Amino acid sequence: MSPLPPPAGHEPERRVRALHTPTTVTVYQAYPPGIGLPAARDGRFPAAWKRDRMTWIKPSFLWMMYRSGWGSKEGQETVLAVEITREGFEWALRHACLSHYERGFHSDRAAWQRELRRAPARVQWDPERDLRLAPLPYRSLQLGLAGEAAGRYADAWTVSVRDVTGLAHEVHALVRAGDLPGAAGLLPEETPYPETAGLLDRVRR
């Protein structure tokens, strides 16, 4: 289980942390029950899941809790842990671009816009969250998948889909009760993701 977040200064600003095995990585999404429950039951996304729309996946459980309000926001009541192949995850990262222009990283704004139009995936680095969902001084990866990448995610990369809404509510209850060590003990074990050469060159300074 995950320990409490490391002290400030002990973590690089931009690094992928995730629950992973030698062949898979777990990402999180939240959906209305009409999509989330069939996905968890069948281990794949139902026909109602739109493959022609961008979908955002998050390796950080606590960032998903921040985004979904611990699975309480409308349309995000079912929190899913989606285990995908590392091969697919890394394909997306190698074909991604940043979702925003960064002076000094991109040659110019026009070049970034051309890259954004072509890329089947995009990356945002947003502040990681602690158990009270306050921002931490380092950032968490959000990976947006569109077009070819979204289709691959749903139909080729997905290994399993689990409903972890109950876990979200249990961790939240412990946080509200002031039992942060108990809550931390239930978190998925997210450790630095092994970076092969060039994996994040397109999306990290």
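Because the structure is a prediction, the values reported are computed rather than measured. (Residues numbered from 1 in each chain as written. Predicted model: local features only at pLDDT ≥ 70, side-chain atom pairs only at ≥ 80, totals over all residues. Heavy atoms only, no water.)

Participant: Any chance you could explain the environment of E148 here in plain terms?
Facilitator: Within the secondary structure, E148 is located in helix α5 (residues 148-157). For E148, a relative accessible area of 46% gives the class partly exposed. Distance in space between the C-alpha atoms of E148 and A92 is 9.8 Å, their sequence separation being 56 residues. A polar atom in the side chain of E148 sits 2.7 Å from the side chain of R152. (Helix = DSSP H or I, 4+ residues; strand = E, 2+ residues; numbered from the N terminus. Buried < 20%, exposed > 50% of the residue type's maximum accessible area, 1.4 Å probe, protein only. Polar contact = N/O pair within 3.5 Å; in protein donor to acceptor, adjacent residues only side chain to side chain.)

Participant: Teacher, can you tell me more about the nonpolar core here?
Facilitator: Generally speaking, soluble globular proteins have nonpolar side chains that are buried together. Ranked by size, the top nonpolar core spans 35 residues in total, and within it F45, I84, F89, V123, L143, L145 and Y153 carry the most contacts. Elements with a contribution of two residues or more to this core: β2 (24-31), α1 (33-42), β4 (78-85), α3 (86-94), β5 (96-98), β6 (121-129), β7 (135-145) and α5. Broken down by element, the residue count for this core peaks at 5 residues, all from α5. Apart from the residues within four sequence positions on either side, L143 is in contact with T55, W56, I57, F89, A92, L93, A96, A121, R122 and V123. By size, the runner-up hydrophobic cluster in this structure holds 19 residues, among which are F61, L131, L133 and V175. (Core = buried A, V, L, I, M, F, W, Y, C linked by side-chain atoms within 4.5 Å. Contact = heavy atoms within 4.5 Å.)

Participant: How should I be thinking about the side chain of T158 in this particular structure?
Facilitator: Mapping T158 onto the fold places it in strand β8 (residues 158-163). Here Y153 takes part through its backbone oxygen, which lies 2.6 Å from a polar atom of the side chain of T158. With near-sequence residues (within four places) excluded, T158 lies in contact with G43, F45, V82, E83, I84 and Y153.

Participant: Even after reading the chapter, I still don't get the pairing of β2, so can you show me in this structure?
Facilitator: The side chains of a regular strand alternate between both faces of the sheet. Along β2, 8 of the 8 residues are buried, which leaves the element largely enclosed by surrounding structure. Of the two faces of β2, the one holding T24, T26, Y28 and A30 and the one holding V25, V27, Q29 and Y31 are both buried throughout. The pairing of β2 with β4 spans 8 bridges and is classified as antiparallel. By the bridge assignment for β4, T24 is matched with T85. (Pairing = 2+ DSSP bridges.)

Participant: What exactly am I supposed to notice about unusual backbone geometry here?
Facilitator: Trans peptide bonds make up most of the peptide bonds, and negative phi angles are found at most residues other than glycine. Not every positive phi belongs to a glycine, and W70 is a case in point at roughly 60°. Following the sequence through the fold, W70 ends up in the loop between α2 (61-68) and β4. Judged by its relative accessible area of 6%, W70 falls in the buried class. Of note, the phi angle at L133 is positive, near 70°, even though the residue is not glycine. Looking at L133, the relative accessible area reads 15%, which means it is buried.

Participant: Where do I start with the packing of α3 against α5 in this structure?
Facilitator: Direction vectors running N to C along α3 and α5 enclose 175°, while the axes themselves pass 10 Å from each other. The orientation of α3 with respect to α5, classified from their angle, is roughly antiparallel. Contact residues: G88, W91 and A92 in α3; E148, A149, R152 and W157 in α5. When the residues that make up the contact of α3 with α5 are grouped by side-chain class, the tally is 4 nonpolar, 1 polar and 2 charged. (Axes fitted to C-alpha atoms, helices over the stretch in contact; angles between N-to-C directions. Parallel < 35°, antiparallel > 145°, perpendicular 65-115°, else oblique. Nonpolar A, V, L, I, M, F, W, Y, C, P; charged D, E, K, R; others polar.)

Participant: Please clarify how the sheet that holds β2 should be interpreted in this entry.
Facilitator: The strands making up a sheet associate through hydrogen bonds between their backbones, and the pairing can be parallel or antiparallel. One open sheet accounts for 3 strands, arranged β2-β4-β8; its pairing is antiparallel. The sheet is open, and its two borders are formed by β2 and β8, each paired with just one other strand. Adjacent strand axes in the sheet meet at a mean angle of 25°, parallel and antiparallel pairs treated alike. In this structure, β4 lies alongside β8, joined through 5 bridges in antiparallel fashion. What sits directly across from L80, in β8, is D163. On the sheet, α2 packs against β2 and β4 and is oriented at approximately 10° with respect to β2.

Participant: What's the story with the pattern of salt bridges in this structure? I'm lost.
Facilitator: Side chains that carry opposite charge are capable of pairing whenever their charged atoms lie near each other. All chains considered together, the criterion is met by 10 salt bridges. In this structure, the salt-bridge partner of R15 is E11, at a minimum N-O distance of 3.0 Å. Judged by its relative accessible area of 23%, R15 is partly exposed. What makes E11 buried here is its relative accessible area of 14%. We note a salt bridge from E195 to R204, for which the minimum N-O separation is 2.8 Å. R204 gets classed as partly exposed once you look at its relative accessible area, which sits at 24%. Salt bridges sharing common partners tie together E11, R15, R17 and E128. (Salt bridge = Lys/Arg side-chain N within 4 Å of Asp/Glu carboxyl O.)

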